[in-house]
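Tertiary structure, described
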Amino acid sequence: MSDAELVLRSTRVVTPEGTRPASVVVAGGTITAVLPHDTEVPPGARLEDLGDDVLLPGLVDTHVHVNDPGRTEWEGFWTATRAAAAGGITTLVDMPLNSLPPTTTVDNLRIKQDVARDKAHIDVGFWGGALPGNVKDLRPLHEAGVLGFKAFLSPSGVEEFPHLTQDELARSLAEIASFDGLLVVHAEDPRHLAAAPQHGGPKYADFLASRPHHAEDTAIAALINRARRLDARVHVLHLSSGDALPLIAAARADGVRITVETCPHYLTLTAEEVPDGASEFKCCPPIREAANQDLLWQALADGTIDCVVTDHSPSTADLKTDDFATAWGGISGLQLSLSAVWTEARRRGHGLDDVVRWMSAHTARLAGLDARKGAIAPGRDADFAVLAPEETFTVDPAALHHRNRVTAYAGRTLHGVVRSTWLRGERIIADGEFTAPRGRLLTRTH
């Protein structure tokens, strides 16, 4: 305690043991103690009394498309990390595609890191990419510190990042399993997508029919079979199909090392409410019906789904045309994810402890960052979000820090106002004002 520099005090601190009044002691950017609320402040330490605002561990978003370099007009590290900080996110992991070059070789990783280094307002890690023909690059990328590897089982939407066939998946996964790496997978079966009706045009119902449940379910079943044979670690990205949940639960019970994420838009938006022509709601796999959404929430409650991440996938506004077949598929959600999920979680009887588990503790563990991230506990980085959970706000696109402010949440009233965000014991945003970038580039530590 003698070296304490800062004490953050709140009547509501979300810790791994539950939410309770506490004083959190920080020294050298690290949490050194979590003490009773009224503990005397050590000499020389500064007290930040947060009153009844909730002190959360900073969120860890493991699914973000920053697109920098190459498509920086879509999003960049400067804007993405500011938006994340405004939403209580203190760590993000960048996806390997939509930037040019994609993160598929060590040289390309170095390019990405060089671009991010001076622009990151929060900590940033990187996924590598598994492509046809780059098996030889997977181990070097792993040794260079990527947190795992991303693959598509259906077309990605950009030509420089082609999808893996089943044979290519087997080769890539065997190599990744040889060093106990992690493969994170966009799981839709291209044959089922090709066989689905492809009408195009502005009707959301037509777009939904073009990305059927069974495209996800079939791809996930094939992934489970590969992972079982190789005893490989796999993760299903952005699950939208509730029909796949029994497959996943059975595989896990059988010892398959599979984890699963879903996204705020699948948990808070429904197909029934998407207006025709409103491609700000387009993503792949798609936002499905309300009954399907209920299954996703049930799976979060019972642990079949491990975590919630944004899949922040922005583009310039001109690519969001009113034709669902040709509009860019991606939803921007970095700044709003905590509030969006909390709004629906509280309505369904969940607490902030649950939200923190899904959006911080489990995501940190997925990315192998849980030695330092994901909890308010001694030895972890002093990364925090301060939240007023009962307060509401109406989403105004002009108030967003994303480079392009197209949002499916426009006009929605959300619970949970982020008062401030802290990185290693330093406040990096409060009341809309940012400090200079102080984020670090993260690499795999175990």
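Before going into details, it helps to say that this report is about the structure given with it. These figures come from a predicted structure and were not determined experimentally.

1. Topic: the pattern of salt bridges
Tallying each qualifying case throughout the model produces 28 salt bridges. With its nearest N and O atoms 2.5 Å apart, the salt bridge here joins Lys112 to Asp94. Of this pair, Lys112 sits in helix H2 (residues 106–116) while Asp94 sits in strand E7 (residues 89–94), and the two are 18 residues apart along the sequence. Grouping residues by exposure puts Lys112 and Asp94 together as buried. Note that Arg139 and Glu175 form a salt bridge whose closest N and O atoms lie 3.8 Å from each other. You can see Arg139 sitting in helix H3 (residues 135–144) and its partner Glu175 sitting in helix H4 (residues 166–178), a full 36 residues away along the chain. For Arg139, a relative accessible area of 32% puts it in the partly exposed group. Linked through salt bridges whose partners overlap, the residues forming this network are Asp123, Arg372, Lys373, Asp381, Asp383 and Arg424.

2. A look at unusual backbone geometry
The step from Asp68 to Pro69 runs through a cis peptide bond, and the omega angle for that step is 5°. Residues other than glycine seldom take positive phi values, yet Asn67 does so here, at roughly 70°. One non-glycine residue, Asp180, lies in positive phi territory at about 55°. Secondary-structure assignment places Asp180 in the loop between H4 and strand E11 (182–186). Residue classification places Asp180 among the partly exposed residues on the basis of a relative accessible area of 38%.

3. Regarding the side chain of Asp68
Residue placement: Asp68 occurs in the loop between strand E6 (59–64) and helix H1 (77–86). Residue Asp68 is classed as buried on the basis of its relative accessible area of 3%. Engagement of the side chain of Asp68 in a polar contact is seen with the side chain of Thr72, the distance being 2.8 Å. Only 3.1 Å separates the side chain of Asp68 from the backbone nitrogen of Phe77, close enough to count as a polar contact. Apart from residues lying up to four places away in sequence, Asp68 is in contact with Glu75, Gly76, Phe77, Ser99, Lys112, Val115 and Lys119.

4. What to know about the environment of Asp118
Residue placement: Asp118 occurs in the loop between H2 and strand E8 (123–126). Note: C-alpha distance between Asp118 and Ala85 (33 residues apart in sequence) is 16 Å.

5. Digging into the sheet that holds strand E13 (residues 258–262)
Think of a sheet as strands paired side by side through backbone hydrogen bonds, with each pair either parallel or antiparallel. Ordered by their spatial adjacency, 6 strands build an open sheet running E9-E10-E11-E12-E13-E14, and the pairing between neighbours is parallel. Since the sheet does not close on itself, it has two edges, and those belong to strand E9 (128–129) and strand E14 (307–308), each with one partner. Pairing geometry for E11 and strand E12 (residues 233–236), over 4 bridges, is parallel. By the bridge assignment, Val185 is partnered in E12 with Val236.

6. Topic: the packing of aromatic side chains
Going through the model one piece at a time under the given rule, you end up with 8 aromatic pairs. With a centroid separation of 5.9 Å and 70° between ring planes, the pair formed by Phe152 and Phe161 is classed as edge-to-face. When the centroid spacing of 5.8 Å and the interplanar angle of 55° are considered together, the rings of Tyr204 and Phe207 count as tilted. In this pair, Tyr204 and Phe207 both sit in helix H6 (residues 204–210), 3 residues apart, roughly one turn of the helix. Among the residues examined, Phe207 registers a relative accessible area of 6% and is labelled buried.

7. So, H3
Among the residues of H3, those classed as buried are Asp137, Leu138, Leu141, His142 and Ala144. Considered in projection along H3, the buried side chains sweep an arc of 155° and stay on one side of the axis. Residues of H3 that are exposed and angled more than 90 degrees away from the buried face: Lys136 and Glu143. Residues of H3 that are buried make contact with H2, E9, strand E10 (149–152) and H4. Positive phi shows up at Gly145, right after H3, with a value of about 110°.

8. Topic: the layout of surface pockets
Quantified by volume, the largest pocket comes out at close to 580 Å³. Considering the residues around the largest pocket, the lining is formed by 36 residues, among which Ser156, Arg211, Lys282, Cys284 and Gly329 are closest to the centre. Of the residues forming the lining of the largest pocket, the biggest block, 3 residues, is contributed by H6. When the residues that make up the lining of the largest pocket are grouped by side-chain class, the tally is 13 nonpolar, 17 polar and 6 charged. Reported here for the second largest pocket is a volume of approximately 390 Å³. Secondary-structure elements contributing two or more residues to the lining of the second largest pocket are strand E15 (384–394), strand E16 (413–423) and strand E17 (426–430).

Calculation notes
Residues numbered from 1 in each chain as written. Predicted model: local features only at pLDDT ≥ 70, side-chain atom pairs only at ≥ 80, totals over all residues. Heavy atoms only, no water. Salt bridge = Lys/Arg side-chain N within 4 Å of Asp/Glu carboxyl O. Helix = DSSP H or I, 4+ residues; strand = E, 2+ residues; numbered from the N terminus. Buried < 20%, exposed > 50% of the residue type's maximum accessible area, 1.4 Å probe, protein only. Polar contact = N/O pair within 3.5 Å; in protein donor to acceptor, adjacent residues only side chain to side chain. Contact = heavy atoms within 4.5 Å. Pairing = 2+ DSSP bridges. Phe/Tyr/Trp six-rings, centres within 6.5 Å; stacked < 30°, edge-to-face > 60°. Arc of directions from axis to C-beta. 1 Å grid on protein atoms, 1.4 Å probe; cavity = no way out; pocket = protein on both sides within 12 Å on 5 of 7 lines; lining within 4 Å. Points joined across faces, edges and corners; volume = space filled by probe spheres on them. Nonpolar A, V, L, I, M, F, W, Y, C, P; charged D, E, K, R; others polar.

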